[in-house]
Amino acid sequence: MFTTLSVPVMTRLRQAERQVLDTLVAAGVARSRSDALAWCVRLVGKNTDEWLAELRDALQHVDRVRSSGPDVNS
């Protein structure tokens, strides 16, 4: 399902990771740490589209294999 809604997400970041976000905010790339994190996620997604597509395909294959396996809940 596709949505354009923004949803709050809680993350735990180390000091070095927070410094990256703070640098993006200080440079005016983002208005807040939240915007900076969203910017980073978009950048990674843009630069790794092919890899992410392969990963999603692999996950779909795993789901198919799992669903064809024995039912362990019965």
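Notes on the structure follow. (Residues numbered from 1 in each chain as written. Predicted model: local features only at pLDDT ≥ 70, side-chain atom pairs only at ≥ 80, totals over all residues. Heavy atoms only, no water.)

Here we take up a nonpolar patch on the surface. Together, Val29, Trp39 and Leu43 make up a nonpolar patch on the protein surface, roughly 230 Å² of accessible area in all. Mapping Val29 onto the fold places it in the loop between α1 (15-26) and α2 (33-47). (Patch = residues over 30% accessible without salt bridge, like charges linked within 9 Å, V, L, I, M, F, W, Y side chains within 5 Å. Areas by Shrake-Rupley, 256 points an atom, 1.4 Å probe, with all protein chains shown as cover. Salt bridge = Lys/Arg side-chain N within 4 Å of Asp/Glu carboxyl O. Helix = DSSP H or I, 4+ residues; strand = E, 2+ residues; numbered from the N terminus.)

Core analysis: the biggest nonpolar cluster contains five residues, these being Leu21, Leu24, Ala30, Ala36 and Cys40. Contributions of two or more residues to this core are made by α1 and α2. What Ala36 contacts, discounting residues up to four positions off in sequence, is Leu21, Leu24, Val25 and Ala30. (Core = buried A, V, L, I, M, F, W, Y, C linked by side-chain atoms within 4.5 Å. Buried < 20%, exposed > 50% of the residue type's maximum accessible area, 1.4 Å probe, protein only. Contact = heavy atoms within 4.5 Å.)

Turning next to the pattern of salt bridges. Evaluation of the coordinates by the stated rule reveals two salt bridges. With a shortest N-O distance of 2.7 Å, Asp22 and Arg33 are connected by a salt bridge. Taken together, the residues Asp22 in helix α1 and Arg33 in helix α2 connect sequence positions eleven residues apart. Judged by its relative accessible area of 32%, Asp22 falls in the partly exposed class. Between Arg31 and Asp35 there is a salt bridge whose closest N-O contact spans 2.9 Å. For Asp35, a relative accessible area of 26% gives the class partly exposed.

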